[in-house]
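Here are the chains, one letter per residue:
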Amino acid sequence: MSEEIVVIEGDGIGREVVPAAVSVLEAVGDFEFVAAEAGDAVKEATGEALPQETYDTVADADATLFGAAGETAADVILPLRTAVGSFVNVRPARAYPGVEAVRPETDLVFLRENTEGVYAGHEDRLSDDLSTLTRVVTTSASERLAEYACEYVDEQGKKGFQVVHKANVMRETDGRFRDAVVDVADEAGVETEEVLMDAFATRVCLDPTQFDVVVCPNLAGDVLSDLAAGLVGGLGLLPSANVGPDNALFEPVHGTAPDIAGEGVANPSAAILSAAMLLDHLGYGDEAENVRTAVESVLEDGPRTADLGGDAGTEEVTTAVLDRLD
Ligand SMILES: NC(=O)C1=CN([C@@H]2O[C@H](COP(=O)(O)OP(=O)(O)OC[C@H]3O[C@@H](n4cnc5c(N)ncnc54)[C@H](O)[C@@H]3O)[C@@H](O)[C@H]2O)C=CC1
Ligand SMILES: CC(C)CC(=O)C(=O)O
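Treat the numbers as computed from the prediction; the structure is a model and nothing was measured.

Within the UniProt annotation, "domain: Isopropylmalate dehydrogenase-like" (unreviewed entry) is assigned to residues 4-321. End C-alpha to end C-alpha, residues 4-321 measures 23 Å, and it is 43% helix and 23% strand.

Laid out in structure tokens, this is it:
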């Protein structure tokens, strides 16, 4: 029996780049695609951005490919990350030969805590003048992320990773995060370098080769990986994996791109590279490598979308990727 992949296009360019990624998955494997809905359009139609049926379908799946949601993104993607039990958001940010980049030497992987921090949702409007937000950090989630980071660097033959935090100010929350991560790494014999997140933002722009595998709290990982996208050529290039113990959800790092949505010009690379991460997760390592090689070849030789200085549309780029698969 073929494996099931849940597919949620969502809104905006999610409806353009997810079909591109699905066509690539169809070309390399025998999968059954289960369509599910979430996002602004569903909310408008039904009143709910994330129908219970979608949540349950994702929670019961082996893997989900997600596009993007618009204004309802927080109501959709945050619960879906919880639905797959995701303890880490893996966000590779690398430059590609042939693609103009501010820092062509960039080759980073962000391992972002995925369910806590300021995204845990404890926010209140207390008066006309005052709103508050409770930041959640647990030792258990921080340790789980660190265990993943240790396994990750070990598999990659690397000695250690950087821990980015702001524990000099957020002593209780980032202090707990930092201590838990460093303790797990010490125990595993993995080297760590601590970097304050504001200093990281500057240093990564000046010389990204100082960094490699970057372990960080939720909001820091969100912001700093978008910053890294700016170093390598834009958000159209960054895939991600929301990894749980035995379920995972894959999505481009970008949002719905309302400025270009509906024009057929979105860069499908991030979504296709997210599909390659999904293939790895399902155990199709050779197929994943085939897809990555085809994307790299198209990025190097063209055709390219407008964000990368080209004039090709989403379909033309996708067809070129399909043509270059082995
Ligand atoms: N995971 C999710 O579902 C996310 C959803 N969003 C939502 O998306 C909407 C727009 O957010 P923005 O801050 O504008 O971020 P965005 O990522 O949608 O767009 C930022 C800029 O990058 C460009 N861009 C993004 N992806 C591209 C692609 N594949 N090809 C070419 N250009 C691309 C856009 O055209 C825009 O100029 C908001 O409603 C936000 O809530 C934002 C981030 C993540
Ligand atoms: C709620 C999301 C829109 C936040 C985000 O950009 C992300 O976590 O990737």
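Our next topic: helix 9 (residues 269-281). For helix 9, with 13 residues, the first-to-last C-alpha span of 18 Å sits near the 18 Å given by 1.5 Å per residue. Residues of helix 9 that are buried: Ser 269, Ala 270, Ala 271, Ile 272, Leu 273, Ser 274, Ala 275, Ala 276, Met 277, Leu 278 and Leu 279.

Residues in close proximity to ligand 2 include Ala 73, Ala 74, Ile 77, Leu 78, Arg 81, Arg 91, Arg 112, Tyr 119 and Asp 222, which together make up its full environment. Note that an oxygen atom of ligand 2 is positioned 2.7 Å from one of the side-chain N or O atoms of Arg 81. Between ligand 2 and Arg 91, the relevant distance is 2.8 Å, taken from an oxygen atom to a side-chain nitrogen or oxygen of the residue. Burial of ligand 2 by the protein amounts to 73% of the accessible area it has alone, namely 290 Å².

In the vicinity of ligand 1, 21 residues are found, and the nearest of them are Ala 69, Gly 255, Ala 257, Asp 259 and Asn 267. Contact distances for ligand 1 include 2.9 Å between an oxygen atom and a backbone N or O atom of Ala 69. Note that a nitrogen atom of ligand 1 is positioned 3.4 Å from one of the side-chain N or O atoms of His 254. Across the shell around ligand 1, the residue classes tally to 11 nonpolar, six polar and four charged.

Running from N to C, helix 9 and helix 10 (residues 285-301) point in directions that differ by 160 degrees, and their axes come no closer than 7 Å. The angle between helix 9 and helix 10 places the two elements in the roughly antiparallel class. When you trace helix 9 past helix 10, the crossing you get is left-handed. On the side of helix 9, the interface is formed by Ser 269, Ile 272, Leu 273, Ala 276, Met 277, Leu 279 and Asp 280, while helix 10 contributes Gly 285, Glu 287, Ala 288, Val 291, Arg 292, Val 295 and Leu 299. Residues that form the contact of helix 9 with helix 10 fall into these classes: nine nonpolar, two polar and three charged.

Procedures and definitions
Residues numbered from 1 in each chain as written. Chains lettered and ligands numbered in written order. Predicted model: local features only at pLDDT ≥ 70, side-chain atom pairs only at ≥ 80, totals over all residues. Heavy atoms only, no water. UniProt positions renumbered as here; feature names shortened; annotations may be inferred. Helix = DSSP H or I, 4+ residues; strand = E, 2+ residues; numbered from the N terminus. Expected span 1.5 Å × (residues − 1). Buried < 20%, exposed > 50% of the residue type's maximum accessible area, 1.4 Å probe, protein only. Near = heavy atom within 4 Å. Polar contact = N/O pair within 3.5 Å; in protein donor to acceptor, adjacent residues only side chain to side chain. Areas by Shrake-Rupley, 256 points an atom, 1.4 Å probe, with all protein chains shown as cover. Nonpolar A, V, L, I, M, F, W, Y, C, P; charged D, E, K, R; others polar. Axes fitted to C-alpha atoms, helices over the stretch in contact; angles between N-to-C directions. Parallel < 35°, antiparallel > 145°, perpendicular 65-115°, else oblique. Left-handed = near helix turned anticlockwise from the far one by under 90°. Contact = heavy atoms within 4.5 Å.

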